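# Coordinates in review
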Amino acid sequence: MIDNIPLNAFLVISTLMFFIGIYGFLTRRNLITMLMSIELILNSVNINFVVFNRFLYPNQLQGHFFGLIVIAVAASEAAVGIAIIINIYRNFKSIDVENLDQMKF
Amino acid sequence: MTLSDIIFYLFAGSIVTFSVLTVTSRRILRSAVYLLFVLVSTAGIYFMLNYNFLAAVQLTVYAGGIIVLIIFSILLTSHVSEKAVVAPVKQQIFSALAVVAGATLTLLTIFKFAFKPSASPAMVSDVQNVGRELVSYGRDGYALPFEVVSILLLAAMVGAIVLAKKEKNLKAEETQTKNNTENSSKS
């Protein structure tokens, strides 16, 4: 199904996705959108793992399982992160990073 | 160009466009939906690589779970039509420059390096193989990471509940002690 598509094509996609995620992380000012950029970054790394497994070591499933575990870690990270964000919103009535300087000293 | 090629480039194009839209859209809810499109296209790429189980997990956990969580938290913390605050233009330009430089460097490295695709027969990643490897503790087994992830998920669940729980009693106690100290200082 993927015989004609070179390995580099997949790597280009994941590279672009990774750096778009970094751009979002640097320019966004809202905690939830920053979390979404982190999800983009994690997803692009996942594509890399899976593609390297498929093309370079197809006789084992290491990248496949690494991808599964990264998805689990991303899910728990999103859950804890959103709990923290909701707590912050309850205390400060805002989730913009500009307003969150209470822990500065 | 065969049909599968066309489908792959469709997925690739939609991943890149919707990623850009995710990080540039001013409306937060819209960027969450664009992120959903990115994750679904990624699941499509996993299907094309013949990793059906991983694609199903991607669809259920990412596209089904995390996006719903994000949309709920957006609805809890901001108005639907609220526009996101963006960084100053100077900062946007400099981060775009840094990102473009990093992407160019990485792409040049990728195209320079000669990957040697393996010709060995592919292991079938059907549910039977995946399940057997996931819980076996032999040489190719992944029982330890499986258990570690289960403990991590449990810890994250407990942590999220404790963090997001309302602390009514604590705040009431705090105000009470504050009042008490004020009263005692007055008297």
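Provided above is the structure to which this section pertains.
This write-up is about the structure you can find in this document. (Residues numbered from 1 in each chain as written. Chains lettered and ligands numbered in written order. Predicted model: local features only at pLDDT ≥ 70, side-chain atom pairs only at ≥ 80, totals over all residues. Heavy atoms only, no water.)

## Some remarks on the overall build of chain B
Check the secondary structure of chain B and you find seven helices and zero strands. Across chain B, helices and strands are ordered from the amino to the carboxyl terminus as α-α-α-α-α-α-α. Among the 187 residues that make up chain B, the fraction classed as buried is 30%. By sequence separation, contacts in chain B at least 24 residues apart represent 49% of the contacts at least 6 residues apart. Of the roughly 11900 Å² that chain B leaves accessible, carbon and sulfur atoms contribute 70%. (Helix = DSSP H or I, 4+ residues; strand = E, 2+ residues; numbered from the N terminus. Buried < 20%, exposed > 50% of the residue type's maximum accessible area, 1.4 Å probe, protein only. Contact = heavy atoms within 4.5 Å. Areas by Shrake-Rupley, 256 points an atom, 1.4 Å probe, with all protein chains shown as cover.)

## Let's talk about the packing of helix α3 (residues 62-92) of chain A against helix α6 (residues 143-164) of chain B
In helix packing, the relevant descriptors are the interaxial angle and the interaxial distance, both defined with respect to the helix axes. At a minimum axis distance of 9 Å, the contact between α3(A) and α6(B) shows a crossing angle of 10°. One finds that α3(A) runs roughly parallel with respect to α6(B). Note on element contacts: α6(B) touches α3(A) through P145(B), V149(B), L152(B), L153(B), A156(B), A160(B), L163(B) and A164(B), opposite I69(A), A72(A), V73(A), S76(A), A79(A), V80(A), A83(A), I84(A), N87(A) and R90(A). Classifying every residue of the contact of α3(A) with α6(B) by side-chain character gives 15 nonpolar, two polar and one charged. (Axes fitted to C-alpha atoms, helices over the stretch in contact; angles between N-to-C directions. Parallel < 35°, antiparallel > 145°, perpendicular 65-115°, else oblique. Nonpolar A, V, L, I, M, F, W, Y, C, P; charged D, E, K, R; others polar.)

## Details of the interface of chain A and chain B
Counting residues at the interface gives 70 residues for chain A, matched by 79 residues for chain B. Roughly 7000 Å² of surface becomes buried between chain A and chain B when both sides are summed, with 74% attributable to carbon and sulfur atoms. Between the two partners, chain A and chain B, sit zero salt bridges. Applying the counting rule to chain A against chain B returns twelve residue pairs in polar contact (both at pLDDT 80 or more). For the side of chain A that touches chain B, the elements supplying multiple residues, two or more each, are α1 (7-27), α2 (31-56) and α3 of chain A. Residues of the side of chain A that touches chain B, tallied by class, amount to 45 nonpolar, 19 polar and six charged. (Buried area = accessible area lost by both parts, 1.4 Å probe. Salt bridge = Lys/Arg side-chain N within 4 Å of Asp/Glu carboxyl O. Polar contact = N/O pair within 3.5 Å; in protein donor to acceptor, adjacent residues only side chain to side chain.)

## Comments concerning the packing of aromatic side chains
Taken as a whole and judged by the stated rule, the model has ten aromatic pairs over all chains. Seen in terms of ring centroids, F18(A) and F19(A) are 5.3 Å apart; in terms of plane orientation they differ by 85°. Their pairing is edge-to-face. Owing to a relative accessible area of 27%, F18(A) belongs among the partly exposed residues under this scheme. Between the aromatic rings of F49(A) and F66(A), the centroid separation amounts to 4.3 Å while the plane-to-plane angle is 20°, which identifies the pairing as stacked. Of this pair, F49(A) sits in helix α2 while F66(A) sits in helix α3, and the two are 17 residues apart along the sequence. A residue is classified by how much of its surface remains accessible, and F66(A), at 46% relative accessible area, is partly exposed. Grouped by ring-pair contacts, the aromatic residues F10(A), F55(A), F8(B) and Y9(B) constitute a single cluster. Here the basic side chain of R54(A) rests over the ring of Y51(B), its NZ or CZ set 5.9 Å away from the ring centre. (Phe/Tyr/Trp six-rings, centres within 6.5 Å; stacked < 30°, edge-to-face > 60°. Lys NZ or Arg CZ within 6 Å of the ring centre and 35° of its normal.)

Purely spatial values, then, with no claim about function.
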